[in-house]
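Notes for the structure review
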Amino acid sequence: MNILKALSKQLFGAKYERVIKSLAACLILFLAIHTAGISMEIASSVLFLTATALAAGIMWQALHSSGNADRMAGLFMLPFANRGMTFSIVLAFAGYTMITKTFPVLALFFVVHEWSVLQIAVALLCACNGCFMAAAWYTMTKKKKLMPFAVLWCAGMLLSIFFVQEVMVFALIVFASLFLSLLRLLMTDAYAFYRPASAKLLTRRTKGTGSVLLYLLRYLVTNKNYLMNTAGLCMVGGILPMISGQFEGLNVMPLGFAIFCLNTPICILLSSDPGLGQAVRVLPGQAGRFCTRYSFFIFSVNMAVSSVYLAAWQIQHGGVGGMEIMIAVLIALQSAILSVLLEWFHPIRNWKIESDLWHHPRKYIVPLIMLPVAGLIGMWPVGIWGLLCIVIVEVLSLPLITRRI
């Protein structure tokens, strides 16, 4: 209980103030949408899939957080019981996942559709199952012989969500999965959750090399979750032309470029590593140098995703020419500049784990700025004025990057 209490205070605050804030946000969201009278038809399978996938994904991010390195190093230096340590870690991170991230989304689902008490209970059970499944899978990643079993387990849950129509039968399947997770965790060595501070060591070694781009590339390769997020955007870039092409008589291609600005992990580098930000600000002349290369790095990643989008559009619809490529370059460059300025002047502070950074509302600012600009560009010939606006903003913002900020 002492370990669980210590972890919970680190995640929720000394007086568990984040619990109150999160539950209050859920209540406000529920009452606001209920008062507005918004409703829609949602299949129960969508509710169960969202609860399971969201909880499992956030739990997976929380367990892989590089911020856990120092936290776990302190805990594992103390004497502990193996099972007590294991379940303290799992329960603390599961509580964080459920209260701060899953409950707000489920509150949104519960208010826009009328569900039975049984369906609500099963959805909450699915969220709990997602947390414990992610913890069990996390312990299997170091044992390759168990990976096929984990894949079959995941596939079985997905198939049961879509093909088991009876809610009671599905609830029994979820109980079985939860029981299987508990058995796996009972047999797990607590040191399976210990992560060395490899990413932080890499950061300290590369800060003095003088090669900012090399550091950024190494940082991206070291944090595999960042690569997965970019790969996911590339998949969206391949699928989006199939949906966008259905709008006849309207040029919606620029909207896709604005959507691809939502690559959160590469835009929070200074927030995720406060030590790097402090070092860059202290050294004379390093601010402009670092921010210039950081902007080029984000621009390169944005253009890589936009290139996939352009190629998929050309294959499915054709008509990609010099103007479209220029629009992609301008939007990618402008979003990179705005992201770096936002990260430099308004970094995110007081976060507990990386999941707080990834889901911070600040990540929507740049895409929300670029979406109306992209919509203006899509309205030919008014789009010429949209391009002009981008060029003017870039001319005004580039000096902030190139000078010593």
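Residue indices follow the written sequence of each chain, beginning from 1 at its first position. Side-chain atom pairs in this predicted model are given and counted only at pLDDT of 80 or more, local residue features only at pLDDT of at least 70, and totals for whole chains, interfaces and linings cover all residues. Side-chain numbers here rest on the full set of heavy atoms in the structure, without hydrogens or water.

Summing up its helical and strand segments, the chain has 19 helices and 0 strands in all. Relative accessibility thresholds used throughout: buried, under 20% of the residue-type maximum; exposed, over 50%; partly exposed, between the two (1.4 Å probe, protein chains only). In the chain, buried positions account for 47% of the 405 residues. Note on contacts: a residue pair is in contact if any heavy atoms of the two residues lie within 4.5 Å. Within the chain, counting contacts between residues at least 6 apart in sequence, those at least 24 apart form 83% of the total. Only DSSP runs of H or I with at least four residues qualify as helices, and only runs of E with at least two residues qualify as strands; both kinds are numbered from the N terminus onward.

In this fold, Met 187 is placed in the loop between helix H8 (167-186) and helix H9 (198-206). Remark: the alpha-carbon pair of Met 187 and Thr 86, spanning 101 residues in sequence, is separated by 9.8 Å.

Expected span of a helix, by definition, is 1.5 Å for each gap between consecutive residues, and there is one gap fewer than residues. Over its 17 residues, helix H7 (residues 147-163) extends 24 Å from the first C-alpha to the last, a length consistent with the 24 Å expected when each residue adds 1.5 Å. For H7, the set of buried residues is Ala 150, Trp 153, Met 157, Ser 160 and Ile 161. Considered in projection along H7, the buried side chains sweep an arc of 105° and stay on one side of the axis. Within H7, the exposed residues directed more than 90 degrees away from the buried face are Val 151, Leu 152 and Phe 163. The directions considered for the arc are those from the helix axis to the C-beta atoms.

Between the rings of Phe, Tyr and Trp (Trp by its six-membered ring), a pair exists once the centres lie within 6.5 Å; its type follows the angle of the planes, with under 30 degrees stacked, over 60 edge-to-face, and the other angles tilted. Applying the stated rule across the entire model yields 8 aromatic pairs. Aromatic side chains Trp 60 and Tyr 138 sit 6.1 Å apart centroid to centroid with 75° between the ring planes, which places their arrangement in the edge-to-face category. Residue Trp 60 is located in helix H3 (residues 44-63), and its partner Tyr 138 is located in helix H6 (residues 117-140); the two are separated by 78 residues in the primary sequence. For the pair Phe 149 and Trp 153, a centre-to-centre distance of 5.9 Å together with 45° between the ring planes defines the contact as tilted. You can see Phe 149 and its partner Trp 153 sitting in helix H7, 4 residues apart, about one turn around the helix. A residue is classified by how much of its surface remains accessible, and Phe 149, at 39% relative accessible area, is partly exposed. Accessibility expressed as a relative area gives 8% for Trp 153, which makes it buried.

Any carboxyl oxygen of Asp or Glu that lies within 4 Å of a side-chain nitrogen of Lys or Arg is treated as forming a salt bridge with it. Going through the model one piece at a time under the given rule, you end up with 1 salt bridge. Of the charged contacts, one joins Glu 343 and Arg 362 as a salt bridge, the two residues approaching to 2.6 Å between their closest N and O atoms. Residue Glu 343 is located in helix H16 (residues 322-345), and its partner Arg 362 is located in the loop between helix H17 (354-358) and helix H18 (365-377); the two are separated by 19 residues in the primary sequence. For the pair Glu 343 and Arg 362, one class covers both residues: buried.

The angle between two axes is taken between their N-to-C directions and runs from 0 to 180 degrees, where each axis is a line fitted to C-alpha atoms and a helix contributes only its stretch in contact. At a minimum axis separation of 10 Å, H16 and H18 run at an interaxial angle of 155°. As summarised for this structure, H16 and H18 are arranged roughly antiparallel, according to the angle between their axes. Classified by chirality, the crossing of H18 by H16 is right-handed. In this structure, H16 contributes Ile 327, Ile 331, Gln 334, Ser 335, Leu 338, Ser 339 and Leu 342 to the contact, and H18 contributes Ile 365, Val 366, Ile 369, Met 370, Ala 374 and Ile 377. When residue character is reported, Ala, Val, Leu, Ile, Met, Phe, Trp, Tyr, Cys and Pro are called nonpolar, Asp, Glu, Lys and Arg charged, and the others, Gly included, polar. Across the contact of H16 with H18, the residue classes tally to 10 nonpolar, 3 polar and no charged. Our angle categories are set so that under 35 degrees counts as roughly parallel, over 145 as roughly antiparallel, 65 to 115 as roughly perpendicular, and the remainder as oblique. Two helices that cross are described as forming a left-handed crossing if the nearer one is turned anticlockwise from the farther one by less than a right angle, and a right-handed crossing if clockwise.

Turning our eyes to something else, we now look at the confidence of the model for the chain. For the chain, per-residue confidence averages 79 on the pLDDT scale, and residues scoring 70 or more make up 83% of the total. Scored from 0 to 100, pLDDT records how confident the predictor is in each individual residue. For the stretch residues 198-210, pLDDT sits under 50, and the model shows 15 contacts to residues farther than four places along the chain or on other chains.

This part is about unusual backbone geometry. With a phi angle near 55°, Tyr 16 is a residue other than glycine that sits in the positive phi range. Mapped onto the secondary structure, Tyr 16 falls in the loop between helix H1 (2-12) and helix H2 (17-36). Residue classification places Tyr 16 among the partly exposed residues on the basis of a relative accessible area of 30%.

In this section: the side chain of Ser 160. You can see Ser 160 is positioned in helix H7. The exposure class of Ser 160 is buried, given its relative accessible area of 6%. Not counting residues up to four positions away in its chain, the partners in contact with Ser 160 are Phe 170 and Ile 173.

By size, the foremost hydrophobic cluster in this structure holds 62 residues, and its most contacted members are Leu 47, Phe 48, Met 59, Leu 63, Ile 89 and Phe 93. For this core, the element with the most residues is helix H5 (residues 82-112), which contributes 15 residues. Leave out the neighbours within four places in its chain, and Phe 48 touches Gln 119, Val 122, Ala 123, Cys 126, Ile 161 and Phe 170. Residues belong to one nonpolar core when they are buried, are Ala, Val, Leu, Ile, Met, Phe, Trp, Tyr or Cys, and are joined through side-chain atoms within 4.5 Å. Within the second largest apolar cluster, 49 residues are counted, among which are Cys 291, Ala 328, Ile 331 and Trp 358.

This part covers helix H14 (residues 274-282). Helical periodicity: at 3.6 residues per turn, an α-helix aligns residues three or four positions apart in one direction. Of the residues making up H14, those classed as buried are Leu 276, Gly 277 and Val 280. Buried residues of H14, seen end-on, are gathered within an arc of 100° and therefore sit on one face of the element. Turned more than 90 degrees away from the buried face of H14 sit Gln 278 and Val 282, all of them exposed.

Another aspect to go through is a nonpolar patch on the surface. Exposure above 30% relative accessible area and the absence of a salt bridge qualify a residue for a patch, where like charges join within 9 Å and nonpolar side chains (Val, Leu, Ile, Met, Phe, Trp, Tyr) within 5 Å. The accessible surface values rely on the Shrake-Rupley method and a 1.4 Å probe; as for residues, cover is taken only from the protein chains in view. Where nonpolar side chains cluster on the molecular surface, the patch consists of Phe 149, Phe 179, Leu 180, Leu 183, Leu 186 and Met 187 and spans about 560 Å² of accessible area. Per element, the largest residue contribution to the nonpolar patch is 4 residues, and it comes from H8. Its place among the elements puts Leu 180 in helix H8. Accessibility expressed as a relative area gives 30% for Leu 180, which makes it partly exposed.

Okay, the environment of Leu 338 next. Turning to its location among the elements, Leu 338 is positioned in helix H16. Taking the C-alpha atoms as reference, Leu 338 lies 9.3 Å from Ile 365; in sequence the two are 27 residues apart.

Let's shift gears to the state of the cysteines. Any pair of cysteine sulfurs within 2.5 Å is marked as a disulfide. Enumeration over the complete set of coordinates arrives at 0 disulfides. Not part of a disulfide, Cys 261 finds its nearest cysteine sulfur in Cys 267, a span of 8.3 Å. Its relative accessible area of 6% is what places Cys 261 among the buried residues.

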